[in-house]
Amino acid sequence: MSHPILSEFDIVFAGGGTTACVVAGRLATYDPSLRILILEAGQHSLNKPIHVDPSQSRFNLAPTSTTVTFNIGNPSPRLNGRAPIVACGHCVGGGSCVNSMVYTRAPASDYDDWGAHGWESENLIPLMKKLETYEVQPGRPTHGYDGPIKISPGMYNIGIAGEFIQVGTTYHKRQYADDTDDLETCNTYSPSQKYINGTTGRRSDAAHHYVYNQAHNPNLQVWDGKRVKRIIFEDKRAVGVEFTSDPVSCPDADQSSSIVRASKLVVISAGAFGSPTILERSGIGAEAVLKRCGIEQLVNLPGVGENYQADHTNGRAPYLAADQAVTMDVVSCGESILRGKHVSTITPALHHHPYAGSPAQWNSSGMLSQSGLNSKIKWRPDDEELKAMGPAFQPRWKEFFQDRPDKAVAMYVPSISRSLSNLPPGSYMTANYFTLYPASVGSVHIKVTENGEEGVDFTTGFLDDPFDIIALDFVYKKTREIFRRMASYRGEFAAGHPNFPEGSAAACGEASGPVDLDAPDIVYTAEDDKAITQFHRDAVQTAWHSIGTCSMKPEADKGVVDTRLNVYGVSNLKVADLSITPSNVGTNTNSTALLIGERAAMIIAEDLGINCV
């Protein structure tokens with residue numbers, strides 16, 4: 001079947017998320033004559049409040065949202081039969097335009113562990129510095145001060161964040177540091193910086209700061225609402241892309257296919273879900289997967305879609321906060337006031353909202369420039385905590401963590417808002433905790449559904465490895481001890497916690513205030529421990545950091561791309577996004593997605609003979 005050829009470009013990007021915007025934007029800067037096309041299934045994000053106003057970031061995850069794709073996993077016995085849902089960006093700029101704007105960076109050793117030539121930390125640190133303007137403190141040797149992405153604390157200090165740090169440095173007996181994102185510091189409490197411009201209070205993302213700021217260049221084009229179906233090959237050389245209108249972004253559009261040609265290169269940049277499925281629809285993947293879907297195999301590459309990692313498994317527990325505590329619950333309670341509106345029109349309405357507190361807090365330099373995540377610790381257990389985790393965790397500790405002092409087992413991040421959408425009006429704070437290096441892995445493949453339509457065969461692997469549930473269960477207990485000592489603590493919202501047996505000392509409920517710093521820890525019985533495990537299997541969520549499904553490994557080790565990002569077995573085709581990560585990174589992955597983009601831009605410029613200094 002023939003398709004109309006719309007045009008020809010030098011480079012075509014299949015996907016327009018974070019990494020694609022970085023690569024395309026850098027290449028357009030290096031050589032403005034390059035004809036570059038980004039095909040993105042989602043819609044434009046340019047200056048839309050839901051993307052640029054930090055206080056509205058949570059609306060991207062609303063059930064009716066079209067700015068993310070909700071990928072439904074296969075039901076898992078490890079999750080008590082649940083079918084987990086993992087969101088990913090569905091707009092120009094991808095995850096950088098919809099995430100919670102938390103700025104963290106992986107330890108340098110995570111990149112060295114990849115074992116990929118050219119991707120060692122010593123080669124990547126200059127690119128980490130190149131991409132950012134670190135507005136927090138001057139003169140930090142691993143941070144950059146002249147890059148497109150702004151890093152700041154936000155524009156409003158939140159008391160609950162300080163309470164978390166105060167308890168952490170006293171009761172929890174850990175150190176404090178201003179900067180724990182220096183690529184090595186671990187097990188230390190610190191403020192949590194954000195991808196927010198400290199002057200304007202706006203989100204700092206890849207779309208606005210790599211692509212939209214080059215609107216003057218007609219050779220850099222973004223076609224939104226275009227879903228890439230497959231790569232077009234001639235003698236195993238990628239020469240173009242077949243695409244159609246995305247049914248979510250363009251529900252009324254013609255669904256017929258079109259082709260656009262690429263004279264120099266095709267770059268797949270559709271993320272951990274999109275990139276492997278594009279390859280499989282193009283005939284690149286495992287024989288069994290392609291045969292089930294009736295696709296003729298072009299290249300046998302069984303690593304495609306394997307090694308799926310959610311990066312971090314996420315537990316959340318809501319706590320009641322004092323009435324006078326400053327929280328962002330008005331953002332949840334006042335959703336109809338906020339959604340889709342610019343700050344200037346929101347502020348007057350919020351002044352009259354019953355949970356808004358002081359009117360001065362709610363403006364573009366106050367709470368509306370906040371994501372509500374303002375402090376953190378990348379935590380490693382001390383000897384006492386390690387003993388409390390039990391002997392079953394020891395093999396994982398000795399194998400992976402013991403001799404790597406820069407690698408944290410989990411990260412604790414308090415948020416100044418509710419974690420559940422169905423909570424009654426009031427003031428809340430939430431313990432968010434993430435296991436940073438879960439051992440479980442899954443997969444992402446195409447499939448044909450019973451009605452003959454294409455679907456995604458997605459196995460998350462969440463909690464499949466028994467080490468992961470041990471860490472989550474312990475971290476629930478530890479974060480609870482921290483929260484119950486914070487000044488704003490007024491008890492637990494019981495429905496968001498484990499269902500402890502009647503009469504248990506661990507039972508949850510309201511409280512008149514915090515316990516003393518030196519109060520004894522809660523003693524959990526074996527039945528209590530079962531309740532915590534049940535809670536996590538029923539409720540554990542993703543941290544939305546999907547990686548690994550087109551791994552940068554040797555082909556014999558189920559790799560999909562080489563260290564120059566070339567797909568094995570074909571030419572003129574690269575993959576550049578979080579799907580290439582061969583092993584986990586202990587960070588909120590936006591920093592890694594941006595970094596991969598900078599490195600990919602350098603690689604492509606070198607391949608094309610373009611000066612990228």
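Just so you know, the residues in each chain are numbered from 1, in the order the chain's sequence is written. At least 70 in pLDDT is required for a residue's local features to be given in this predicted model, at least 80 for side-chain atom pairs to be given and counted, and no such filter applies to totals for whole chains, interfaces and linings, which use all residues. Hydrogens and waters are ignored; side-chain quantities use all the structure's heavy atoms.

### Observations regarding the side chain of Asp-205
- The topology assignment puts Asp-205 in the loop between strand E8 (188-191) and helix H6 (206-211).
- Each residue's exposure class comes from its accessible area (1.4 Å probe, protein chains only) as a fraction of the maximum for that residue type: buried when under 20%, exposed when over 50%, partly exposed otherwise. Charged residues are defined narrowly, with Lys and Arg counted positive, Asp and Glu counted negative, and His plus the chain ends left uncounted. Whenever a carboxyl oxygen of Asp or Glu lies within 4 Å of a side-chain nitrogen of Lys or Arg, that contact is scored as a salt bridge. In this structure, Asp-205 is buried with no salt-bridge partner, the nearest side chain bearing the opposite charge being Arg-203 at 5.2 Å.
- Separated by 3.0 Å, the side chain of Asp-205 and the backbone nitrogen of Ala-207 make a polar contact.
- Two residues form a contact once any of their heavy atoms are found within 4.5 Å. If we skip the residues at most four places from it in the chain, Asp-205 touches Ser-96, Cys-97 and Ile-149. Numbering of helices and strands starts at the N terminus; helices are DSSP runs of H or I of at least 4 residues and strands are runs of E of at least 2. Each polar contact in these results corresponds to two N or O atoms within 3.5 Å; when the atoms are within protein, one needs to be able to donate a hydrogen and the other to accept it, and residues that are neighboring in sequence are counted only if both atoms are side-chain atoms.

### Structural notes on helix H4 (residues 121-131)
- Among the residues making up H4, those that are buried are Ser-121, Leu-124, Leu-127, Met-128 and Leu-131. Projected down its long axis, H4 shows its buried positions confined to an angular sector of 120°, all on one face. By construction, the arc corresponds to the directions joining the helix axis to the C-beta atoms.

### What about the state of the cysteines?
- Disulfide: a pair of cysteine sulfur atoms within 2.5 Å of each other. As enumerated under the stated definition, the model contains zero disulfides in all.
- A disulfide-free cysteine, Cys-97 has its sulfur positioned 4.9 Å from the sulfur of Cys-91, the nearest such atom.
- You can call Cys-97 buried: its relative accessible area is 0%.

### Re the pattern of salt bridges
- Within this structure, the stated rule accounts for 26 salt bridges.
- Notably, a salt bridge pairs Glu-132 with Arg-105, separated by 4.0 Å at the nearest N-O pair. In this pair, Glu-132 is assigned in strand E5 (residues 132-134) and Arg-105 in the loop between strand E4 (85-89) and helix H3 (108-113), connecting sequence segments 27 residues apart. Of the two residues, Glu-132 and Arg-105, neither departs from the other in class, the shared state being buried.
- A salt bridge links Glu-242 to Lys-229, with the shortest nitrogen-to-oxygen separation between them at 3.6 Å. Remark: Lys-229 occurs in strand E10 (residues 226-234) and Glu-242 occurs in strand E11 (residues 237-245); sequence separation between them is 13 residues.
- The exposure class assigned to Glu-242 is buried, which follows from its relative accessible area of 4%.

### A word on the packing of aromatic side chains
- Any pair of Phe, Tyr and Trp rings, taking the six-membered ring for Trp, is counted once the centres come within 6.5 Å. Such a pair is stacked with planes under 30 degrees apart, edge-to-face with planes over 60 apart, and tilted for the rest. A full pass over the atoms with the stated rule returns 24 aromatic pairs.
- Following the ring pairs from residue to residue traces out a cluster consisting of Phe-164, Tyr-189, Tyr-319, Phe-483 and Tyr-489.
- The criterion is that NZ of a Lys, or CZ of an Arg, lies within 6 Å of the ring centre and within 35 degrees of the ring normal, and then a charge sits over that ring. A cation over an aromatic ring shows up here: Arg-485 above the ring of Tyr-171, its NZ or CZ 4.0 Å from the ring centre.
- Looking at Arg-599, its charged tip hangs above the ring of Trp-119, at a distance of 5.8 Å from the centre.

### Observations regarding unusual backbone geometry
- Positive phi, close to 60°, is recorded for Asn-187, a residue that is not glycine.
- Phi is positive for Lys-558, close to 65°, though the residue is something other than glycine.
- As for its placement among the helices and strands, Lys-558 is situated in the loop between strand E22 (541-542) and strand E23 (573-575).

### Brief notes about the pairing of strand E15 (residues 313-321)
- Summarising burial for E15: nine of the nine residues are buried, a large majority.
- Burial of the side chains of E15 extends over both faces: Thr-313, Gly-315, Ala-317, Tyr-319 and Ala-321 are buried on one face and Asn-314, Arg-316, Pro-318 and Leu-320 on the other.
- A pair of strands counts as paired when DSSP detects no fewer than two bridges linking them. Pairing analysis gives eight bridges linking E15 to strand E18 (residues 428-435), with the strands arranged antiparallel. Across the sheet, Thr-313 pairs through a bridge with Thr-435, a residue of E18.
- In this structure, E15 lies alongside E22, joined through two bridges in antiparallel fashion. The residue of E22 that forms the bridge with Thr-313 is Thr-542.
- Pairing of E15 with strand E21 (residues 489-492) involves two bridges; the strand directions are antiparallel. Bridge assignment links Tyr-319 to a residue of E21, and that residue is Glu-492.

### What about the packing of helix H1 (residues 18-30) against helix H16 (residues 590-608)?
- Axes here refer to lines fitted to C-alpha atoms; in helices the fit is confined to the stretch in contact. Angles between the N-to-C directions go from 0 to 180 degrees. Interhelical geometry of H1 versus H16 gives an angle of 35° and a closest axis separation of 8 Å. The chirality of how H1 crosses H16 is right-handed. Facing Thr-18, Thr-19, Val-22, Val-23, Arg-26, Leu-27 and Tyr-30 of H1, the residues of H16 in contact are Asn-590, Ala-593, Leu-594, Ile-596, Gly-597, Glu-598, Ala-600, Ala-601, Ile-604 and Ala-605.
- In this classification, the charged set is Asp, Glu, Lys and Arg, the nonpolar set is Ala, Val, Leu, Ile, Met, Phe, Trp, Tyr, Cys and Pro, and all remaining amino acids, among them Gly, are polar. When the residues that make up the contact of H1 with H16 are grouped by side-chain class, the tally is 11 nonpolar, four polar and two charged. Less than a right angle of anticlockwise turn of the near helix away from the far helix marks a crossing as left-handed, whereas a clockwise turn marks it as right-handed.

### Examining helix H5 (residues 159-170)
- Between its terminal C-alpha atoms H5 stretches 17 Å, which fits the 16 Å expected from 12 residues at 1.5 Å a residue.
- Contacts made by the buried residues of H5 are with strand E7 (175-176), E8, strand E16 (375-379), strand E17 (410-415), E18 and helix H14 (466-483). Here the expected length of a helix is defined as 1.5 Å per residue gap, with one fewer gap than residues.

### Details of the confidence of the model for the protein
- Here the protein averages 90 in pLDDT, and 90% of its residues register 70 or above.
- Counting contacts from residues 334-363, a segment whose pLDDT is below 50, to residues more than four positions away or on other chains yields 64 contacts. Across the chain, each position has a pLDDT score giving the predictor's confidence in that residue, from 0 to 100.

### Focus: the nonpolar core
- Definition of nonpolar core: a set of buried residues of the types Ala, Val, Leu, Ile, Met, Phe, Trp, Tyr and Cys, connected through side-chain atoms within 4.5 Å. Counting 94 residues, the largest nonpolar core has Phe-13, Leu-27, Trp-119, Leu-279, Ile-284 and Leu-573 as the members making the most contacts within it.
- For this core, the element with the highest residue contribution is H16, accounting for nine residues.
- One finds Val-167, Ala-322, Met-389 and Tyr-437 within the second-largest nonpolar core, a separate group that totals 64 residues.

### Focus on the environment of Thr-19
- Mapped onto the elements of the fold, Thr-19 is located in helix H1.
- The class for Thr-19 is buried, based on a relative accessible area of 3%.
- Each C-alpha atom of the pair Thr-19 and Ala-207 lies 9.6 Å from the other, and the pair is 188 residues apart in sequence.
- Other than its neighbours up to four places away in sequence, Thr-19 contacts Ser-269, Ala-576, Asp-577, Ala-593, Ile-596 and Gly-597.

### Observations regarding a nonpolar patch on the surface
- A cluster of nonpolar residues, Leu-61, Phe-70, Ile-72, Ile-85 and Trp-544, forms a patch on the protein surface that exposes about 430 Å² of accessible area.
- With respect to the helices and strands, the residue Leu-61 is situated in the loop between helix H2 (49-52) and strand E3 (68-72).
- Since its relative accessible area comes to 33%, Leu-61 is described here as partly exposed. Only residues whose relative accessible area exceeds 30% and that take part in no salt bridge are eligible for patches, with like-charged residues grouped when within 9 Å of each other and nonpolar side chains (Val, Leu, Ile, Met, Phe, Trp, Tyr) grouped when within 5 Å. With residues, only the protein chains shown are counted as cover, and all accessible areas are computed by Shrake-Rupley using a 1.4 Å probe.

### Things to note about the packing of H4 against H16
- The interhelical angle for the contact between H4 and H16, taken along N-to-C directions, is 110°, at an axis separation of 9 Å. Classified by the angle their axes make, H4 and H16 are roughly perpendicular. In this structure, H4 contributes Leu-124, Leu-127, Met-128, Lys-130 and Leu-131 to the contact, and H16 contributes Leu-594, Leu-595, Glu-598, Arg-599 and Met-602.
- The residue makeup of the contact of H4 with H16, split by class, is seven nonpolar, no polar and three charged. In this scheme, roughly parallel covers angles under 35 degrees and roughly antiparallel covers those over 145, while 65 to 115 is roughly perpendicular and the rest are oblique.

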